[in-house]
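# Chains, contacts and geometry: an overview
What follows is the residue order along each chain.
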Amino acid sequence: MKIIEGMGREYYSQTATPQNLQGPVSKSLLWDFNRSPYKWFHNRREKESTPAMRTGVLYHTACLEPHKLETEYIVSPYSDFRTKEAREWRDSMTGIQVITADEYIKAESAGYAFRKNPAIEHLPGYRTELAVFADVFGTPCKCLIDLVPDSGVSLIDLKTTNQSIESVDQLTSLIINRGYHLQASMYLDLWNMASGDNRTEFMFVFMEVDRPYEMANILLDEDFIKLGREGYMNALAKWNQCVQTNTFPPAIDGIQTISPPKWATKTK
């Protein structure tokens, strides 16, 4: 069991893959795997980075590790990359992310807004981007916790969204549909195992990526944490079974006999 601060991109290279099933598993891996072990095992291509993913990483850096904006990003002197000169300059920037001036300003402003969020600003102290590695029932697991307050019983995660934040019901559906409650429970368990703490609460800070960076602070209650724990434990049990037997079945396995649903038998 270990906790590593400021691990950076190296964290993402240490993970189980179809080629190396012995590496540590994360919540996102378990979530994809649990929906279809067959697809997960046979899809051996790396996930392509999308604009939304790149924006999320940029905003996480600005909010949680603002000092890295100067070392991991560079502002392009070009407004676009349609010219040969601009493309050659962009391609020469190896090992550093190229962003526009507007992207930099927006990210910097978002970071300021995040730290002014009352749920963050009033914390006496906290650490950010902590990589945690621990075994759960003999299976190596890992997580990357966005924010750990120096005291209290909570862990905090930042979620950026390009959608308008409208209601608690909207965010509740988002949490369920993306398995964020599994993340909350798994992160709490791994942190407690590695640190010796007894943290019991998990809060998501949802932030819009456009000005004025509206946020919503969502704290999961005990029932939500319990549901998430059942979810990730069941996924982990399936993972162990598949790895031990080297069998990765599809989402619908074998021959399934079905009956017509009630709505199909109703007469008009």
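What counts as what
- Residues numbered from 1 in each chain as written.
- Predicted model: local features only at pLDDT ≥ 70, side-chain atom pairs only at ≥ 80, totals over all residues.
- Heavy atoms only, no water.
- Core = buried A, V, L, I, M, F, W, Y, C linked by side-chain atoms within 4.5 Å.
- Buried < 20%, exposed > 50% of the residue type's maximum accessible area, 1.4 Å probe, protein only.
- Helix = DSSP H or I, 4+ residues; strand = E, 2+ residues; numbered from the N terminus.
- Contact = heavy atoms within 4.5 Å.

Okay, the nonpolar core next. By size, the foremost hydrophobic cluster in this structure holds 43 residues, and its most contacted members are Phe-206 and Trp-239. Considering every element that reaches this core, the biggest residue donor is helix 10 (residues 180-195), with eight residues. Not counting residues within four places of it along the chain, the set of residues in contact with Phe-206 comprises Lys-159, Ile-165, Leu-171, Leu-174, Ile-175, Tyr-180, Glu-214, Met-215, Ala-216 and Ile-218. The next biggest cluster of nonpolar side chains, apart from the first, holds 22 residues, and it includes Leu-69, Tyr-104, Ala-107 and Val-209.

Here we take up unusual backbone geometry. Glycine aside, a negative phi is what most residues show, and trans is what most peptide bonds show. In this model, Arg-211 is joined to Pro-212 through a cis peptide bond whose omega is 10 degrees. Relative to the elements of secondary structure, Pro-212 occurs in the loop between strand 7 (201-208) and strand 8 (215-220). You will see that Phe-137, though not glycine, has its phi angle at about 50 degrees, which is positive. Along the chain, Phe-137 turns up in the loop between strand 4 (126-136) and strand 5 (139-149). Of the residues examined, Phe-137 reaches a relative accessible area of 70% and is grouped as exposed. We note that Asn-246 has phi near 50 degrees; this positive angle belongs to a residue other than glycine.

Functional significance is not addressed by these values, which are geometric in nature.
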